[in-house]
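Report on the structure
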Amino acid sequence: MAKQINDTILRAFKGEAVDYTPAWYMRQAGRSQPEYRELKEKYSLFEITHQPELCAYVTRLPVENYGVDAAILYKDIMSPLPSLGVDVEIKSGIGPVIHNPIESYQDVEKLGTINPEADVPYVLDTIRLLTEEQLDVPLIGFSGAPFTLASYMIEGGPSKNYSKTKAFMYREPEAWFALMDKLADMTITYVEAQIKAGARAIQIFDSWVGALNAPDYRLYIKPAMTRIFSELKRHDVPLIIFGVGAGHLLTEWNDLPVDVIGLDWRTSIPEARAMGVTKVLQGNLDPAILVTEWDLIEKRTKDILDAGMVDGRHVFNLGHGVTPDIQPATLKKLTDLIHSHSKR
Ligand SMILES: Cc1c2[nH]c(c1CCC(=O)O)Cc1[nH]c(c(CCC(=O)O)c1C)Cc1[nH]c(c(CCC(=O)O)c1C)Cc1[nH]c(c(C)c1CCC(=O)O)C2
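The name an unreviewed UniProt entry gives the protein is Uroporphyrinogen decarboxylase, with Virgibacillus sediminis as the organism. Within the UniProt record for the protein, the comment given under Subunit (unreviewed entry) is "Homodimer." Of the protein, the UniProt comment under Function (unreviewed entry) reads exactly: "Catalyzes the decarboxylation of four acetate groups of uroporphyrinogen-III to yield coproporphyrinogen-III."

1. Here we look at the sheet that holds strand β9 (residues 314–318)
Within a sheet, adjacent strands bond to each other through the backbone by hydrogen bonds, running parallel or antiparallel. Spatial strand order, β1-β4-β5-β6-β7-β8-β9: seven strands in an open sheet with parallel pairing. The open sheet is flanked by β1 (71–72) and β9, the only strands paired with a single partner. Pairing of strand β6 (residues 239–242) with strand β7 (residues 260–262), which is carried by three bridges, proceeds in the parallel orientation. Counterpart to phenylalanine 242 in the pairing with β7 is glycine 262.

2. Focus: the UniProt feature "site: Transition state stabilizer" (unreviewed entry) in the protein
UniProt's entry tags Asp76 with the feature "site: Transition state stabilizer" (unreviewed entry), counted in the numbering of this structure. Along the polypeptide, aspartate 76 turns up in the loop between β1 and β2 (88–91). When sequence neighbours within four positions are dropped, the list of residues in contact with aspartate 76 reads Leu45, Ile90, Pro96 and Phe142. Within the structure, the side chain of aspartate 76 is placed 3.0 Å from the backbone nitrogen of methionine 78, a separation counted as a polar contact.

3. So, the environment of lysine 332
Residue position: lysine 332 is located in helix α15 (residues 328–341). For lysine 332, a relative accessible area of 32% translates into the label partly exposed. Separated by 268 residues in sequence, lysine 332 and glutamate 64 have C-alpha atoms that sit 9.6 Å apart. Sequence-distant contacts of lysine 332, defined by excluding residues within four places in its chain, comprise Asn65 and Tyr66.

4. Observations regarding the packing of helix α8 (residues 146–155) against helix α10 (residues 173–197)
For any two helices packed against each other, one specifies the inter-axial angle together with the distance between the axes. It is the contact of α8 with α10, at a shortest axis distance of 9 Å, that shows an interaxial angle of 120 degrees. The way α8 lies across α10 gives a crossing that is right-handed. Across the interface between the two elements, Pro146, Phe147, Leu149, Ala150, Met153 and Ile154 of α8 pack against Trp176, Leu179, Met180, Leu183, Ala184, Met186 and Thr187 of α10. Class assignment for the residues of the contact of α8 with α10 results in twelve nonpolar, one polar and no charged.

5. Here's the deal with the site of the ligand
Within the structure, the ligand sits among 23 residues, and Ala29, Tyr36, Lys40, Asp76 and Ser207 are positioned closest to it. Measuring from an oxygen atom of the ligand, one finds a backbone N or O atom of alanine 29 at 2.7 Å. Here serine 207 contributes a side-chain N or O atom positioned 2.5 Å from an oxygen atom of the ligand. When the ligand is considered free in solution it has 850 Å² of accessible area, and contact with the protein chains removes 90% of it. Among the secondary structure elements, those contributing two or more residues to the shell around the ligand are α2 (34–42) and β3 (95–98). Along the lines of polarity and charge, the residues of the shell around the ligand split into 14 nonpolar, four polar and five charged.

6. Some remarks on the UniProt feature "domain: Uroporphyrinogen decarboxylase (URO-D)" (unreviewed entry) in the protein
Per the UniProt entry, the sites bearing "domain: Uroporphyrinogen decarboxylase (URO-D)" (unreviewed entry) are residues 22–31 and 140–156 in this numbering. With 0% helix and 0% strand, residues 22–31 has end C-alpha atoms that lie 23 Å from one another. Secondary structure over residues 140–156 splits into 59% helix and 29% strand, and the C-alpha atoms at its two ends are 28 Å apart.

7. Describing the packing of aromatic side chains
As enumerated under the stated definition, the model contains seven aromatic pairs in all. A ring pair is formed by phenylalanine 142 and phenylalanine 205, whose centres lie 5.4 Å apart and whose planes are at 90 degrees; its orientation type is edge-to-face. Linking phenylalanine 142 in strand β4 (residues 139–144) with phenylalanine 205 in strand β5 (residues 201–205), this pair joins segments that are 63 residues apart in sequence. Judged on exposure class, the residue phenylalanine 142 and its partner phenylalanine 205 are both buried. Plain terms: the ring middles of phenylalanine 205 and phenylalanine 242 are 6.3 Å apart, the flat faces sit at 80 degrees to each other, and that makes the pair edge-to-face. Placement of phenylalanine 205 in strand β5 and of phenylalanine 242 in strand β6 is noted, with a sequence separation of 37 residues between them. One aromatic cluster is present, built from ring pairs that chain together Phe142, Phe205 and Phe242. Sitting above the plane of the phenylalanine 142 ring, lysine 75 keeps its charged end 3.7 Å from the centroid.

Scoring rules and cut-offs
- Residues numbered from 1 in each chain as written.
- Predicted model: local features only at pLDDT ≥ 70, side-chain atom pairs only at ≥ 80, totals over all residues.
- Heavy atoms only, no water.
- UniProt positions renumbered as here; feature names shortened; annotations may be inferred.
- Pairing = 2+ DSSP bridges.
- Helix = DSSP H or I, 4+ residues; strand = E, 2+ residues; numbered from the N terminus.
- Contact = heavy atoms within 4.5 Å.
- Polar contact = N/O pair within 3.5 Å; in protein donor to acceptor, adjacent residues only side chain to side chain.
- Buried < 20%, exposed > 50% of the residue type's maximum accessible area, 1.4 Å probe, protein only.
- Axes fitted to C-alpha atoms, helices over the stretch in contact; angles between N-to-C directions.
- Left-handed = near helix turned anticlockwise from the far one by under 90°.
- Nonpolar A, V, L, I, M, F, W, Y, C, P; charged D, E, K, R; others polar.
- Near = heavy atom within 4 Å.
- Areas by Shrake-Rupley, 256 points an atom, 1.4 Å probe, with all protein chains shown as cover.
- Phe/Tyr/Trp six-rings, centres within 6.5 Å; stacked < 30°, edge-to-face > 60°.
- Lys NZ or Arg CZ within 6 Å of the ring centre and 35° of its normal.

Written as structure tokens, this is what we have:
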């Protein structure tokens, strides 16, 4: 049985009227917290996620310390990839590194499928523990999107210009579409298992897809994204899409069967509305503002909240993830400001 929870953020994701603007912060469960940094001295990310009690504790930390309106499951977008045969390691200070990058159609054909109950039971156990016993706010589940996952799988790690990924896409379209299909299948199966275990909203991170222009997005990416969201739509759980530097793709995203579009800090809420974006918006304080003085933080936050309250279809977030140099006290003060300033 799911616990009684404060579901304000779920109602806001669906565009319903709420008493205040709810908030959560991307990468809230991570290195801004001393308790987390201490754990990381002993355990790697994958070691934490394989232990449900410990992983649930890390997921709960920002809810308890920052007062946010949702938890996001502590794991990485790389977490499901070993099930497909991807040899991935998360290197501290670098990010995901893949030891068997995709180079050919044969490499794509060799990729396996995910069976969540067998391959990532610890993810589902963590979700059940959190949602049946521990959390009094909704849990957000997530997956990486095909382009963003493929970029790591092809480049072998983080990249600045995605040139290998683009070359693969342009030169081997058949292999590319086979890869998008496999990653879309993985995303659907993996996210459905998270929903079944108790996740109440889903964010699909297409963090790096802004590297493509709109015509390429329509041709190479949109069919897989449409399939993912159309399948997930059947579950009546709010669906969120997010990417960085993707202002030129917002109208493409607005066509997808999503409930919420996440903005980075480059595109304001009024600008997105002027472009014709009709979905609920999530965002979009530049995380860099959070290491400046409080007067500036307060002004920028109020500006975003006021823009969001024009039609009320807004959930507060940062324009990208919390960085390790942001003080926990600042994030707590930020949540309090959001809640008090937006009280209707
Ligand atoms: C692109 C991407 C990745 N991972 C993720 C994305 C999409 C979001 C985004 O655009 O930032 C998503 C992610 N990664 C992590 C979470 C946990 C939940 C949360 O948001 O609080 C989430 C939602 C944990 C993590 N994933 C990672 C860490 C840092 C590793 C550590 O603590 O040692 C954490 C807490 C490692 C990781 N994993 C990834 C990178 C680029 C890095 C290294 C960069 C960095 O260090 O921030 C890939």
